[in-house]
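# An overview of the molecular structure
Each chain is listed here by its residues.
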Amino acid sequence: MISHSRRDFLKTSTAVAGLTVVRSLAPTDVLGLSSPDASSRIVPFPLSAVRLAPGIFSEQAEINARYLDSLSVDRLLHSFRVTAGISSAATPYKGWEEPTCELRGHFAGGHYLSASALAFATSGNDVLKKKGDELIAGLSQCQAKNAGGYLSAYPPDLFEHLVQGKPVWAPFYTYHKIMAGLLDMYVLTGNSDALQIAEGMARWVGDYFMGIGAEQRQRMLRTEYGGMNEVLVNLAAITKKDRYIETAHLFEQPDFLDPLADRRDQLQGLHANTHVPKIIGAARMYEVTGDRRYQQIAEYFLEEVLTARNYVIGNTSLEENWKTLPGQLKDTLGWKNAECCVAYNLMKLERLVFGWTASARWMDEYERALFNCRLGTQNAHGLKQYFFPLAAGYWRVYNSPEESFWCCTGTGAEEFAKFTDTIFFHRGDEIFVNQFIASTLDWKEEGLLIDQVTQFPHEQGTTLKIKASRPAARTIHIRIPAWTANAEVMINNRALEAVADPGSYLAIRRVWQDGDTFSISLPMQLRQETLAGDDSVAAVLYGPLVLAADLGPIPSDAPDRVIHSGDTAPDKVPSPDPLPKTHATPGIKPDQWVKTESKSELRFKAATQAGDRELMPMYKVRDQRYAVYWQTENPKQLS
Ligand SMILES: [Zn+2]
């Protein structure tokens, strides 16, 4: 999330793109996959069909749910009520939710609703659903007091600041979060009031923005507006009302989209988390309208960011921006790397593009981000990280429970409530197993239940146990990650001579019977990846896991581990350590300087110039200073 001191990036531009029509949707198709090639897409199962089994993900989801439950609905509603002229005796929250903050309401009436809806849909959490319902009842009362369907925790004056070119944080960004929260509550919990409120908000936006000239609108869009285009497309898909597509088009910036359509990377100088949501909106525009230009934009953007601008953990940016030319990440390791929201948004994009392409590449990338820069960014109290330091010698810090409410608090609350959403997808009656997470898929319509039993990544593989009401011929596709070699498949404990290249899906078609088991081993190896633009700096991975060096305890005089304000980084961050140096000599490979001490416990040891160092998966780093990247001596010889 950018602060209001941000500079403007986008020049005034010309008219918005041409309007497009929503094709009719099947009544149950809330995703709105209606364009001509929709039938070939791979889509997620409804969240209610997949449950986590006990394991590292369910533990983290429960911690997140407890944090969400610790928050009070009346306190969340405070600024909405004050804005609507309704009295409130509640103590408002602080940080980005305090009554003077121009972003207030983004978490209280937005992320909180999304996270509660997700927790209900993925785990049946009735307590959070009830709180979400109470929040919506309160928001409904506030909207009724406002004019024209407007709903926010601040008055519409802030939008006028945009019109007048006065400094203001990000009014549409916050508006998007609230609309998205309402839609999630409608789609995932069935709260129909939420849909009505969202439609009222969309009406206000349409009326307001249509009344502003195209040039003026483009100037206003220089200020971060989140996924306004995405949420309006989603609303159009749900309601089948074309006018929301028209409003969504008002939130498009040709100056940003046109170079991407021409496959040109002009991202240098742009704020990462301002721009990824715009592409998610473009991706949804493609899905709902079938306009392939949006597809090309989304695919090019994702490919470019992941190859030319990403760090090994699966996330991008320094000080929230793309500061360099593509492929030039030398000297960009610092405290303020990889804002957590950006990973959340890139992963949303990865799962959309996967649905069109069926390419394992995107699920490999999703896994990379999930294990290395999402898992591990929440502490034992449900508090979340903002930045992800990648220079050596730094450590994790978190928001405070009631005094921060960063953007990353919000996207983190959603992420940790939706770990089930990408494990299984389907295309017709074919099943795709994308992620190796202990879970159960209960596909009631097909009379099929699949238990995925695994301790992954402590176990190098997974087992699917089939429970079927009747034998049925169908294809199960399972991801063979690019990081593995010599994967082996067993059906009912008998080896199957089935092969698929790493980085693809193995498809097994057979008549699946009740009691069948399908096991796959996915051997992990040590490997290394260099930093884009600097062959002398490398990170070590084991399978999908980035390994971090344990650099010892956090100094006792270090800044707080929990930040008790809206600030996103500690006040006085010391200079980083130099990157740890390997003993690299010509021809050395990672397994010659990193030793696997225990596969099941994921313990490793590296020989460095300062002696042996313990290595552990980055997601397990809690209270240590760490290093993700290493300085190598003979980079050209490393492989
Ligand atoms: Zn953020």
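The text that follows walks through the structure, step by step, so that each part is easy to find.

Basis of the calculations
Residues numbered from 1 in each chain as written. Predicted model: local features only at pLDDT ≥ 70, side-chain atom pairs only at ≥ 80, totals over all residues. Heavy atoms only, no water. Helix = DSSP H or I, 4+ residues; strand = E, 2+ residues; numbered from the N terminus. Contact = heavy atoms within 4.5 Å. Buried < 20%, exposed > 50% of the residue type's maximum accessible area, 1.4 Å probe, protein only. Pairing = 2+ DSSP bridges. Axes fitted to C-alpha atoms, helices over the stretch in contact; angles between N-to-C directions. Polar contact = N/O pair within 3.5 Å; in protein donor to acceptor, adjacent residues only side chain to side chain. Parallel < 35°, antiparallel > 145°, perpendicular 65-115°, else oblique. Left-handed = near helix turned anticlockwise from the far one by under 90°. Nonpolar A, V, L, I, M, F, W, Y, C, P; charged D, E, K, R; others polar. Donors = N, O, S within 2.8 Å, 3.2 Å for Na, K, Ca; no water. Tetrahedral: all angles 85-135°; square planar, octahedral: opposite > 155°, others 65-115°. Core = buried A, V, L, I, M, F, W, Y, C linked by side-chain atoms within 4.5 Å. Disulfide = S-S within 2.5 Å. Phe/Tyr/Trp six-rings, centres within 6.5 Å; stacked < 30°, edge-to-face > 60°.

### Focus on the environment of Val 233
Residue position: Val 233 is located in helix α9 (residues 228–239). Once the C-alpha coordinates of Val 233 and Met 285 are considered, the two residues, 52 residues apart in sequence, prove to be 6.3 Å apart. In this view, Val 233 contacts Ile 245, Ala 248, Arg 284, Met 285 and Val 288; residues no more than four positions away in its chain are not counted.

### Focus: the pairing of strand β19 (residues 603–608)
Taken residue by residue, a regular strand's side chains alternate between the two faces of the sheet. Alternating positions in β19 separate cleanly, Phe 604, Ala 606 and Thr 608 being buried on one face and Arg 603, Lys 605 and Ala 607 remaining unburied on the opposite face. With four bridges connecting them, strand β18 (residues 594–598) and β19 associate as antiparallel partners. Considered in β19, the bridge of Ser 598 is made with Arg 603. Direction of pairing for β19 relative to strand β20 (residues 611–617): antiparallel, over a ladder of five bridges. Paired with Thr 608 across the bridge in β20 is Gly 611.

### Focus: the sheet that holds strand β1 (residues 43–44)
Taken in spatial order, the five strands make up an open sheet running β1-β4-β5-β9-β12, and their pairing is mixed. Of all the strands in the sheet, the pair left with one neighbour each is β1 and β12 (504–512). Of the strand pairs in this sheet, strand β4 (residues 424–427) and strand β5 (residues 430–433) are connected by four bridges, and their pairing is antiparallel. Considered in β5, the bridge of Arg 427 is made with Glu 430. Along the sheet face, helix α15 (residues 360–374) touches β9 (472–480) and β12 and points at about 60 degrees away from the line of β9.

### Details of helix α3 (residues 107–123)
For α3, the tally of buried residues reaches 15 of 17 residues, placing the bulk of the element in the interior. Among the residues trailing α3, Gly 124 stands out with phi positive, at a value near 70 degrees.

### Comments concerning the side chain of Gln 624
In this structure, Gln 624 sits in strand β21 (residues 624–627). Looking at Gln 624, its side chain comes within polar contact range of the main-chain nitrogen of Arg 622, at 3.0 Å. Setting aside its immediate chain neighbours within four residues, Gln 624 contacts Tyr 394, Trp 395, Asp 550, Gly 552, Ile 554 and Met 616.

### Brief notes about the sheet that holds strand β8 (residues 461–468)
Spatial ordering of the open sheet is given by β2-β6-β7-β8-β13-β10-β11, a layout of seven strands whose pairing is antiparallel. Where the open sheet ends on each side, the last strands, each with one partner, are β2 (50–52) and β11 (494–496). Going across the sheet, the axis of each strand differs from the next one's by a mean of 20 degrees, ignoring polarity. The pairing of strand β6 (residues 439–443) with strand β7 (residues 448–453) spans five bridges and is classified as antiparallel. Looking at the pairing, Leu 441 lines up with Ile 450 of β7.

### Section: the packing of helix α6 (residues 171–189) against α9
One can describe the packing of α6 onto α9 by two numbers: an axis separation of 9 Å at closest approach and a directional angle of 30 degrees. When the axis of α6 is compared with that of α9, the two are roughly parallel. Seen along the crossing, α6 lies across α9 with a hand that is left-handed. Between α6 and α9, the residues in contact are Phe 172, Tyr 175, His 176, Met 179, Ala 180, Leu 183, Tyr 186 and Val 187 and Met 228, Glu 230, Val 231, Leu 232, Asn 234, Leu 235 and Ile 238, respectively. Counted by class, the contact of α6 with α9 contains twelve nonpolar, two polar and one charged residues.

### Some thoughts on the packing of helix α12 (residues 272–289) against helix α14 (residues 340–357)
Following both chains from N to C, one finds α12 and α14 inclined at 20 degrees, their axes separated by 9 Å at the closest point. The angle between α12 and α14 places the two elements in the roughly parallel class. For the element pair α12 and α14, the recorded crossing hand is left-handed. Judged by residue contacts, Ala 272, Asn 273, Val 276, Pro 277, Ile 279, Ile 280, Ala 283, Arg 284, Tyr 286 and Glu 287 of α12 engage Cys 341, Val 342, Asn 345, Leu 346, Lys 348, Leu 349, Leu 352 and Trp 356 from α14. Looking at the contact of α12 with α14, its residues break down into 13 nonpolar, two polar and three charged.

### Some thoughts on the coordination of the zinc ion
Protein-derived coordination of the zinc ion comes from Glu 339 (OE), Cys 341 (SG), Cys 407 (SG) and Cys 408 (SG), at a distance range of 2.1 to 2.3 Å. One way to put it: the four donor atoms around the zinc ion meet at angles of 92 to 123 degrees, and that makes the site tetrahedral. Sequence positions of the donors to the zinc ion reduce to the motif E-x1-C-x65-C-C. With Cys 341 in helix α14 and Cys 407 in helix α16 (residues 407–415), the pair connects residues that are 66 residues apart, well separated along the chain. Its relative accessible area of 0% is what places Cys 341 among the buried residues. A relative accessible area of 0% means that Cys 407 is categorised as buried.

### Observations concerning the nonpolar core
Membership of the largest hydrophobic core comes to 216 residues, with the highest contact counts inside it found for Phe 172, Leu 182, Phe 251, Phe 301, Ile 431 and Tyr 629. When sequence neighbours within four positions are dropped, the list of residues in contact with Leu 182 reads Leu 113, Ile 136, Leu 139, Ala 194, Ile 197, Ala 198 and Met 201.

### Looking at the state of the cysteines
Under the criterion given, the structure shown has zero disulfides. With no disulfide of its own, Cys 142 lies 18 Å from the sulfur of Cys 101, the closest cysteine sulfur. Exposure remark for Cys 142: the relative accessible area of 0% places this residue in the buried category.

### A word on the packing of aromatic side chains
Applying the stated criterion to the full structure yields 42 aromatic pairs. Here Phe 45 and Trp 443 contribute two aromatic rings whose centre-to-centre distance is 4.8 Å and whose plane-to-plane angle is 80 degrees, an arrangement assigned as edge-to-face. Of this pair, Phe 45 sits in the loop between β1 and β2 while Trp 443 sits in strand β6; the two residues are 398 residues apart in sequence, bridging distant segments of the chain. On the basis of relative accessible area, Phe 45 is assigned to the buried category, the value being 6%. Owing to a relative accessible area of 8%, Trp 443 belongs among the buried residues under this scheme. Between the aromatic rings of Tyr 286 and Trp 356, the centroid separation amounts to 4.8 Å while the plane-to-plane angle is 80 degrees, which identifies the pairing as edge-to-face. Of the two residues, Tyr 286 is situated in helix α12 and Trp 356 in helix α14; the sequence distance between them amounts to 70 residues. Across the pair, exposure class does not vary: Tyr 286 and Trp 356 are buried alike. Taken together, the aromatic side chains of Tyr 150, Tyr 154, Phe 159, Phe 172, Tyr 175, Trp 204, Tyr 208, Phe 209, Tyr 225 and Phe 251 make up a single cluster linked through ring pairs.

### Notes on unusual backbone geometry
Cis geometry is adopted by the peptide bond preceding Pro 457, which originates at Phe 456 and carries an omega value of 5 degrees. Here Pro 457 lies in the loop between β7 and β8. For Glu 319, which is not glycine, the phi torsion reads 50 degrees and is therefore positive. Its place among the elements puts Glu 319 in the loop between α13 (292–308) and α14. The phi torsion at Leu 602 lies on the positive side, around 55 degrees, for a residue other than glycine. Following the sequence through the fold, Leu 602 ends up in the loop between β18 and β19. What makes Leu 602 buried here is its relative accessible area of 1%.

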